[in-house]
Amino acid sequence: MIITIASFKGGVGKSTTALHLAAYFQNKEPTLLVDGDLNRSALQWASAGNLPFKVVDEKAAVKHAKNYNHIIVDTPARPDPTELKTIAEGCDLLILPTSPDALAMGATLQMVEALQGLETDYRLLLTLIPPSPSKVGEEARTAIKNAGLPIFKAGIRRFAVFQRAALEGVPVNQVKGDSRAGIAWRCYQDVGREILP
C-alpha cells in the first residue's frame with residue numbers, strides 16, 4: 001500500500017503524521033518512509049538511527065521500494081497542480097492533515113478543490129487538536145463533515161511530547177518518562193487502524 005501525506009500549508013503535522021503512520025505500519029509489515037519534503041524533516045528525525053523503519057529520500061526510493069510492503073510518502077508543502085495530480089494518482093490513499101485553525105482549514109479546502117476531477121482516494125486528518133475546554137477541534141470536524149468531505153474518525157491531539165520525540169529521533173511511543181507519550185501514540189494507532197486494522 002502506498003500512502004501519501006500532503007498539505008498546502010506547513011506546520012500542520014505532515015511529517016509527524018508520515019513518520020508515525022510508518023511506525024504503525026512497520027508493526028504490521030516492512031514499511032519504507034520516503035521523505036520528499038524539501039525540509040527533510042523525516043530524514044532529520046531518522047538521523048539518530050533509532051527509528052524502527054527505513055527512511056530515504058525520493059531518489060533512493062526507487063531502489064528500495066521493491067523490498068517493502070508499505071510505503072509512506074512525505075511530500076513537499078504546497079505542491080503545484082501538476083505535482084498534486086502526480087501525487088494523488090500515484091498512491092492508494094492521500095491523507096491531508098490539517099490543524100483546526102482557520103488558515104490551515106482554508107488551505108486544506110483549496111487542496112480539496114484542486115483534487116476535484118482526479119482519480120484519488122483521500123481523507124482529511126485533524127491534527128494539533130487543542131485540549132479541553134477548547135471546542136475548536138469539534139467545530140472543525142463538524143464543518144468538514146457538513147461540507148461532505150471524507151475525514152478520519154480519529155484525530156491527533158496537540159502534545160509537546162511530539163517535539164521531544166523528534167529531538168530524541170524516535171516515534172512518540174518510544175519516549176520515556178512522559179505520561180502523554182502513550183496517549184499521543186494511541187492517536188496515530190487509531191488512525192492506522194482506520195486504514196489497516
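Above this text sits the structure in question.
These notes cover the structure that comes with them. Throughout this document, residue positions are counted from 1 along each chain, in the order its sequence is written. Owing to the predicted nature of the model, reporting of local features is limited to residues with pLDDT of at least 70; listing and counting of side-chain atom pairs is limited to 80 or more, with chain, interface and lining totals taken over all residues. As a rule here, side-chain values come from all non-hydrogen atoms in the structure, and water together with hydrogens is ignored.

### Digging into the side chain of Thr17
So the rule is basically this: By definition, any uninterrupted DSSP run of H or I lasting at least four residues is a helix, any uninterrupted run of E lasting at least two residues is a strand, and each is numbered from the N terminus. Residue burial is assigned from relative accessible area. The probe radius is 1.4 Å, only protein chains are included, and a residue is buried under 20% of its type maximum, exposed over 50%, and partly exposed in between.
Mapped onto the fold, Thr17 is located in helix H1 (residues 14-26). Since its relative accessible area comes to 0%, Thr17 is described here as buried.

### Description of the sheet that holds strand S4 (residues 70-74)
Put simply, the test is: Strand pairing follows a simple DSSP-based rule, namely that at least 2 bridges must link the two strands. Fitting a line to C-alpha atoms yields each axis, with helices limited to the stretch in contact; the angle taken between N-to-C directions then spans 0 to 180 degrees.
One open sheet holds the 6 strands; their spatial order is S3-S2-S4-S1-S5-S6, and the pairing between them is parallel. Each edge of the open sheet is held by one strand with a lone partner, namely strand S3 (54-57) and strand S6 (122-126). In this sheet, neighbouring strand axes are inclined to one another by 25° on average, regardless of whether the strands run parallel or antiparallel. Of the strand pairs in this sheet, strand S2 (residues 31-35) and S4 are connected by 5 bridges, and their pairing is parallel. Its bridge partner lying in S4, Val34 is registered against Val73.

### Quick look at the pattern of salt bridges
Note that side chains of opposite charge can pair when their charged atoms are close. Filter applied, for reference: Every case where a carboxyl oxygen of Asp or Glu lies within 4 Å of a side-chain nitrogen of Lys or Arg is listed as a salt bridge.
Enumeration according to the criterion identifies 6 salt bridges in this entry. Of the charged contacts, one joins Asp74 and Lys14 as a salt bridge, the two residues approaching to 2.7 Å between their closest N and O atoms. With Asp74 in strand S4 and Lys14 in helix H1, this residue pair connects regions lying 60 residues apart in the sequence. On the accessibility criterion, Lys14 (7% relative accessible area) is buried. Across the pair Arg193 and Asp190 runs a salt bridge, and its minimum N-O distance is 3.0 Å. A residue pair is termed a helical-turn pair when its members lie 3 or 4 positions apart in one helix, as Arg193 and Asp190 do in helix H8 (residues 180-195) at 3 residues. A relative accessible area of 36% means that Asp190 is categorised as partly exposed.

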